[in-house]
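Here is what each chain is made of, one letter per residue.
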Amino acid sequence: MQKPRIDSRRARESFPAGVRRLKVGPNPDLCLDPAMTLPIDFPHISRPHLLQLLRDAPKAELHIHIEGSLEPELIFELARRNGVALPYASVDALRQAYAFTNLQSFLDVYYAGASVLITEDDFDAMAWAYFRRAAHDNVVHTEIFFDPQTHTARGIDMGVVIRGLDRAARRAESELGLSVRLILCFLRHLSEDDALATLAAAMPYRDRFIGVGLDSSEMGHPPGKFERVFARAREAGLHLVAHAGEEGPPAYIRAALDVLKVQRIDHGVRCVEDPELVARLARERMPLTVCPLSNVKLRVFDGLDRHNIPALLAAGLCVTVNSDDPAYFGGYVNDNFVQLFESLPQLTARDAYALLRNSFDAAFVDDEDKALWTEELDSVFAAHEP
Ligand code: ADE
Ligand code: ZN
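Remember, predicted model here, so these are calculated numbers, not experimental data.

Chemist: I tried to follow helix α9 (residues 192-202) on my own but got confused; where do I start?
Modeler: Note that an α-helix has 3.6 residues per turn; residues three or four places apart therefore point the same way. Where α9 is concerned, the buried positions are E192, A195, L196, T198, L199 and A202. End-on view of α9: buried residues confined to an arc of 160°, all on one side of the axis. Those residues of α9 that are buried lie in contact with α7 (148-152), α8 (158-176), β3 (179-187), β4 (211-215) and α10 (227-235).

Chemist: Would you explain the site of ligand 1 in this entry?
Modeler: The environment of ligand 1 is formed by H65, L103, F106, L107, Y110, D215, S216, H243, E246, H267, D324 and D325. Measuring from a nitrogen atom of ligand 1, one finds a side-chain N or O atom of H65 at 3.4 Å. Separating a nitrogen atom of ligand 1 from a side-chain N or O atom of D324 is a distance of 2.7 Å. Coverage of ligand 1 by the protein chains reaches 100% of its 260 Å² of free accessible surface. Judged by the proximity of its atoms to the pocket grid, ligand 1 belongs to the largest cavity. Of all the elements, helix α5 (residues 103-114) adds the most residues to the shell around ligand 1, at four residues. A class-by-class count of the residues in the shell around ligand 1 yields four nonpolar, four polar and four charged.

Chemist: Would you explain the coordination of the zinc ion (ligand 2) in this entry?
Modeler: Metal coordination angles in their ideal form are 109.5 degrees for the four-donor tetrahedron and 90 or 180 degrees for the six-donor octahedron. Listed as protein donors to the zinc ion (ligand 2) are H63 (NE2), H65 (NE2), H243 (NE2) and D324 (OD); their distances from the metal cover 2.0 to 2.2 Å. Angles of 82 to 172° at the metal separate the four donor atoms of the zinc ion (ligand 2), which places the site in the irregular class. When the donor residues of the zinc ion (ligand 2) are listed from N- to C-terminus, their spacing reads H-x1-H-x177-H-x80-D. When its relative accessible area of 4% is taken as the criterion, H65 is described as buried.

Chemist: How should the sheet that holds strand β1 (residues 59-65) be read in this particular structure?
Modeler: As a general point, the strands of a sheet are linked pairwise by backbone hydrogen bonds and lie either parallel or antiparallel. If you walk across this open sheet you meet the eight strands as β1-β2-β3-β4-β5-β6-β7-β8, and the pairing is parallel. The sheet is open, and its two edges are formed by β1 and β8 (319-321), each paired on a single side. Pairwise comparison of adjacent strand axes, ignoring direction, gives a mean angle of 25° for this sheet. Bridge count between strand β6 (residues 264-267) and strand β7 (residues 288-290): two bridges; the pairing is parallel. Looking across to β7, one finds that I265 is bridged to L288. Of the strands in this sheet, β1, β2 (139-146) and β3 are in contact with helix α6 (residues 120-136), which crosses β2 at around 145°. Sitting on the sheet, α9 touches β3 and β4, and the angle it makes with β3 is about 150°.

Chemist: Is there a simple way to think about the nonpolar core in this case?
Modeler: For soluble globular proteins, the rule of thumb is that nonpolar side chains tend to be buried together. Ranked by internal contacts, the top residues of the largest apolar core, which has 123 residues, are F131, F230, Y328, F341 and F381. With eight residues, α8 is the single largest residue contributor to this core. Apart from the residues lying within four places of it in its own chain, the contact partners of F131 are T142, I144, A168, A169, A172, L176, L178 and V180. F145, I183, I210 and V241 belong to the second largest nonpolar core, which has six residues in total.

Chemist: Even after reading the chapter, I still don't get the side chain of H65, so can you show me in this structure?
Modeler: One can find H65 in strand β1. For H65, the residues in contact, after removing those within four places along its chain, are Y110, F145, D215, H243, D324 and D325.

Chemist: I'm lost on the pairing of β4 in this one. Help?
Modeler: Successive residues of a regular strand alternate their side chains across the two faces of the sheet. Most of β4 sits out of view: five of its five residues are buried. What you see with β4 is no split at all: G211, G213 and D215 on one side and V212 and L214 on the other are buried throughout. Relative to β4, β3 is paired through five bridges, and the arrangement is parallel. Counterpart to F186 in the pairing with β4 is L214. Where the polypeptide runs from β3 across α9 and back to β4, its parallel neighbour, the crossover connection is right-handed. Both β4 and strand β5 (residues 239-244) contribute to a ladder of two bridges, which runs parallel. For V212, the partnering residue across the bridge sits in β5 and is L240.

What counts and how
- Residues numbered from 1 in each chain as written.
- Chains lettered and ligands numbered in written order.
- Predicted model: local features only at pLDDT ≥ 70, side-chain atom pairs only at ≥ 80, totals over all residues.
- Heavy atoms only, no water.
- Buried < 20%, exposed > 50% of the residue type's maximum accessible area, 1.4 Å probe, protein only.
- Helix = DSSP H or I, 4+ residues; strand = E, 2+ residues; numbered from the N terminus.
- Arc of directions from axis to C-beta.
- Contact = heavy atoms within 4.5 Å.
- Near = heavy atom within 4 Å.
- Polar contact = N/O pair within 3.5 Å; in protein donor to acceptor, adjacent residues only side chain to side chain.
- Areas by Shrake-Rupley, 256 points an atom, 1.4 Å probe, with all protein chains shown as cover.
- 1 Å grid on protein atoms, 1.4 Å probe; cavity = no way out; pocket = protein on both sides within 12 Å on 5 of 7 lines; lining within 4 Å.
- Sits in = over half its atoms within 2 Å of the grid points.
- Nonpolar A, V, L, I, M, F, W, Y, C, P; charged D, E, K, R; others polar.
- Donors = N, O, S within 2.8 Å, 3.2 Å for Na, K, Ca; no water.
- Tetrahedral: all angles 85-135°; square planar, octahedral: opposite > 155°, others 65-115°.
- Pairing = 2+ DSSP bridges.
- Axes fitted to C-alpha atoms, helices over the stretch in contact; angles between N-to-C directions.
- Core = buried A, V, L, I, M, F, W, Y, C linked by side-chain atoms within 4.5 Å.
- Right-handed = clockwise from strand over helix to strand, strands pointing away.

See below:
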């Protein structure tokens, strides 16, 4: 994999004179210490300025299902090209089906959409479209989830899926300067044996993905069901993440930590129902990859103005903002940031900085890359000071 596009010399030069620099490098205390001293004049950043800052700032995206970036137009184009029949008459009819009542109602449509992906070129085209969109939002690093079982169950070879995604990733690195990593997710509504077979089938491509995750229908499928496959992935040196506490109870978050030994929790918003768990997540600086628009579309919260991100930040948690399935939930990562801050006036410029900075601290990259991106983030904030 290539190095990210940030040029540290340029970042240093663009830092305005007279503004004291932040200590370079990931700050392990950031998630714990909201009172940390920063050289940026946060209170004087106006609201319109802050929204622009959120758009302009470099950021990492750590929770994006690549199959959830498949826009309706591309679904129809691939369906036509591959002779796949869709249960929707048109792009508009498909879009009209995006009125979800819960996670399962979304997953039914999402798996139907993914059925048009057949060839290596299709996976490449889907991922390339996302990478271009992400670069437009100033994403500098992205860790994309993919669901191989959705495809292998239809007779698509594992190599077709991974080679197609990897080809787009390498092109994004060379043409867009985007840093890309892949995370293979197991579908939790299927058996652990199926997950074990999936991991085995992916091992010939071990160098093309950095971790494993757990997604799909959460209720009734606790993390403990996947203990052996996560242990095997850990032995293979893979990073570990899992969806937990999106619709499921705090006990699922605890099980993801204690049984699966994950390094990040995807969603995790229901942790607030268990104050001891919140204290533990803060103490362990366990990142939560939160997806605000997703949570509203899937009725986890009644509106963005009811989202619990302010409470999670106030509790000292290492929260990040992500898009989940942007083609289905009405927005990419910058839409998530901007709409969240528009809906929650209590979120401050300091919160914005923390969320962006957390995205780098929680990424599965080395400290040198984190330091470069953090420098760039600081430059952008400093340059926006009034
Ligand atoms: N797969 C795609 N999006 C998902 C989500 N939000 N939760 C669980 N599984 C998913
Ligand atoms: Zn997700």
